[in-house]
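# Structural description and commentary
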Amino acid sequence: MPTLGPSSTIPNDARGAAIALGKFDGVHAGHQAVIASAHQAAESLGVPLGVAVFEPHPFRFFNPSAPPFRLQNASQRVRALSELGVDDVFELGFDAELAALSDREFAKLVLRDLLGVAHVSVGADFRFGKGRCGDVESLTRLGAEFGFSVDAIQPIGGAQKISSTHIRAALERGDMDAVTDALTRPWAIEGEVLQGFQRGRTLGFATANVALGEYARPRLGVYAVRVDVGDDVLLPGVASVGVNPTVGALPEPLLEAHLFDFSGDLYGQTIEVELIAFLRDEAKFDSLGELKRQMTQDVIDARRALIGS
Ligand SMILES: Cc1cc2nc3c(=O)[nH]c(=O)nc-3n(C[C@H](O)[C@H](O)[C@H](O)COP(=O)(O)O)c2cc1C
Ligand SMILES: Nc1ncnc2c1ncn2[C@@H]1O[C@H](COP(=O)(O)OP(=O)(O)O)[C@@H](O)[C@H]1O
């Protein structure tokens, strides 16, 4: 999907929506509350429901060499938003031109001229415009000037407020129950299956390898997983997220998923791997025989962890 800029145009029937505006990386329970507020406005105004997101993530734009941190790729976000009943997702290209707009210019050029919004819902701590100059108060004032209503939604989750930062911290601890609760769905890595060193099949555990790319790094180790190999059926399996110290460490952690009771060819296909439960930390074994013994045990542990999940 091409990203939109202040000089883009959108189809006429997509204009005039009630939108939720933000980064929405993860589409977690807190984001869902903001989108529900826009949904209500869309229904009462009789207009489409839209979500406007920034792509790339503004943090990435300002910190090009920061470590990977994303909870979702752009197509996972679009799918999660469609499941909430969102009619249109507007990806606003976050570049030097957009970053330089003042809060008033953003409201005028993007919200009024480009999208023609009827309503905007944001999180209460939403900031926008050059140097984060705009906030809910200025957005509300600009809405009155440019003809849209504004709602700001307080964070949900009480003292332990649900946030992308809190989810990333839970991923680093391997606390997949906390991650799944906050996201309202398991965390999943989507990517193309790459060629590895072909050692897996000789060990008796063929593994479909997916690069982590822009995804946040979860705790390194072994997980019980469910894998969508492209037909919306979830296949059970066990996966390692690690650098494989036993066979000579990789420069970057890699996701390797072994699917139970499966023997197809997945190279080049896009698969989505849901990390359901953390089983153990990655270890360096003295021999391939010991690694293989542990992997056999991992399969048993993963099968058990997947029962009832
Ligand atoms: C369930 C599972 C657990 C694994 N645990 C470890 C581990 O603890 N230490 C390690 O060095 N590699 C571990 N690995 C990675 C293997 O070293 C790797 O899959 C194997 O070398 C095949 O690599 P290849 O796909 O590049 O051929 C694990 C892999 C799987 C599927
Ligand atoms: N049960 C399975 N789980 C995962 N991948 C499998 C399975 N059966 C066959 N495959 C295929 O085998 C490939 C992995 O084989 P492997 O020997 O581990 O090589 P690689 O080093 O490329 O990971 C996968 O990418 C997939 O195409």
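A quick note: this is a predicted structure, and the numbers were derived from the prediction, not measured.

## Some thoughts on the site of ligand 2
Around ligand 2, 20 residues are found, and the nearest of them are Gly196, Gln198, Arg201, Leu266 and Tyr267. At a separation of 2.6 Å, an oxygen atom of ligand 2 approaches a polar backbone atom of Leu266. Contacts to ligand 2 include Tyr267, whose side-chain N or O atom sits 2.6 Å from an oxygen atom. Here ligand 2 is seated within the second largest pocket. Elements that contribute at least two residues to the shell around ligand 2 include exactly α9 (200-203), β7 (208-211) and β10 (254-259). In terms of residues, the shell around ligand 2 owes the most to one element, β10, which gives three residues. Class assignment of the residues belonging to the shell around ligand 2 gives a composition of nine nonpolar, nine polar and two charged.

## Quick notes on the nonpolar core
Residues Trp187, Val227, Leu255, Ile271, Val273 and Leu275 are the most contacted members of the largest nonpolar core, which totals 32 residues. Those elements giving two or more residues to this core turn out to be α7 (164-173), α8 (176-183), β6 (187-192), β7, β8 (221-228), β9 (234-242), β10 and β11 (270-281). For Leu255, the contacting residues outside a window of four places in its chain are Ile189, Ala208, Asn209, Val210, Leu212, Ala239, Ser240, Val241 and Val273. Listed in part, the 31 residues of the second largest apolar core include Leu4, Ala17, Leu21 and Val122.

## Here's the deal with the packing of aromatic side chains
Per the counting criterion, the structure on display carries ten aromatic pairs. Summarising the aromatic geometry, the rings of Phe59 and Phe69 are spaced 5.3 Å apart at their centres and angled 90 degrees between planes, so their arrangement reads as edge-to-face. Of this pair, Phe59 sits in helix α2 (residues 58-62) while Phe69 sits in the loop between α2 and α3 (74-83), and the two are ten residues apart along the sequence. The class for Phe59 is partly exposed, based on a relative accessible area of 39%. Residues Phe126 and Phe128 carry aromatic rings whose centres are separated by 5.5 Å and whose planes lie at 20 degrees to one another, so their mutual orientation is stacked. In this structure Phe128 comes out as buried when scored by relative accessible area, which is 5%.

## Some remarks on the site of ligand 1
Surveying the vicinity of ligand 1 reveals 22 residues, the closest of which are Arg199, Thr246, Glu256, Arg280 and Ala283. Between ligand 1 and Arg199 there is a distance of 2.6 Å, counted from an oxygen atom to a backbone nitrogen or oxygen. The backbone of Ala283 places a nitrogen or oxygen atom 2.6 Å from a nitrogen atom of ligand 1. For ligand 1, whose unbound accessible area comes to 620 Å², protein coverage reaches 98%. At the level of elements, α9, β9 and α10 (288-306) are the ones that each hand at least two residues to the shell around ligand 1.

## A closer look at the domain arrangement of the chain
When its domains are assigned, the chain resolves into domain 1 (12-153) and domain 2 (186-306). The distance between the C-alpha centroids of domain 1 and domain 2 comes to 35 Å. Of the roughly 770 Å² buried at the junction of domain 1 and domain 2 (both faces included), carbon and sulfur atoms supply 35%. Counting the contacts that link domain 1 with domain 2 gives three salt bridges. Across the salt bridge formed by Glu214 and Arg60, the nearest N and O atoms sit 3.2 Å from each other. Here domain 1 is connected to domain 2 by 13 residue pairs in polar contact (both at pLDDT 80 or more). A total of three residues in the side of domain 1 that touches domain 2 trace back to one element, the largest contributor, which is α3. Residues that form the side of domain 1 that touches domain 2 fall into these classes: three nonpolar, four polar and three charged.

Conventions and cut-offs
- Residues numbered from 1 in each chain as written.
- Chains lettered and ligands numbered in written order.
- Predicted model: local features only at pLDDT ≥ 70, side-chain atom pairs only at ≥ 80, totals over all residues.
- Heavy atoms only, no water.
- Near = heavy atom within 4 Å.
- Polar contact = N/O pair within 3.5 Å; in protein donor to acceptor, adjacent residues only side chain to side chain.
- 1 Å grid on protein atoms, 1.4 Å probe; cavity = no way out; pocket = protein on both sides within 12 Å on 5 of 7 lines; lining within 4 Å.
- Sits in = over half its atoms within 2 Å of the grid points.
- Helix = DSSP H or I, 4+ residues; strand = E, 2+ residues; numbered from the N terminus.
- Nonpolar A, V, L, I, M, F, W, Y, C, P; charged D, E, K, R; others polar.
- Core = buried A, V, L, I, M, F, W, Y, C linked by side-chain atoms within 4.5 Å.
- Buried < 20%, exposed > 50% of the residue type's maximum accessible area, 1.4 Å probe, protein only.
- Contact = heavy atoms within 4.5 Å.
- Phe/Tyr/Trp six-rings, centres within 6.5 Å; stacked < 30°, edge-to-face > 60°.
- Areas by Shrake-Rupley, 256 points an atom, 1.4 Å probe, with all protein chains shown as cover.
- Domains from an automatic or database assignment.
- Buried area = accessible area lost by both parts, 1.4 Å probe.
- Salt bridge = Lys/Arg side-chain N within 4 Å of Asp/Glu carboxyl O.

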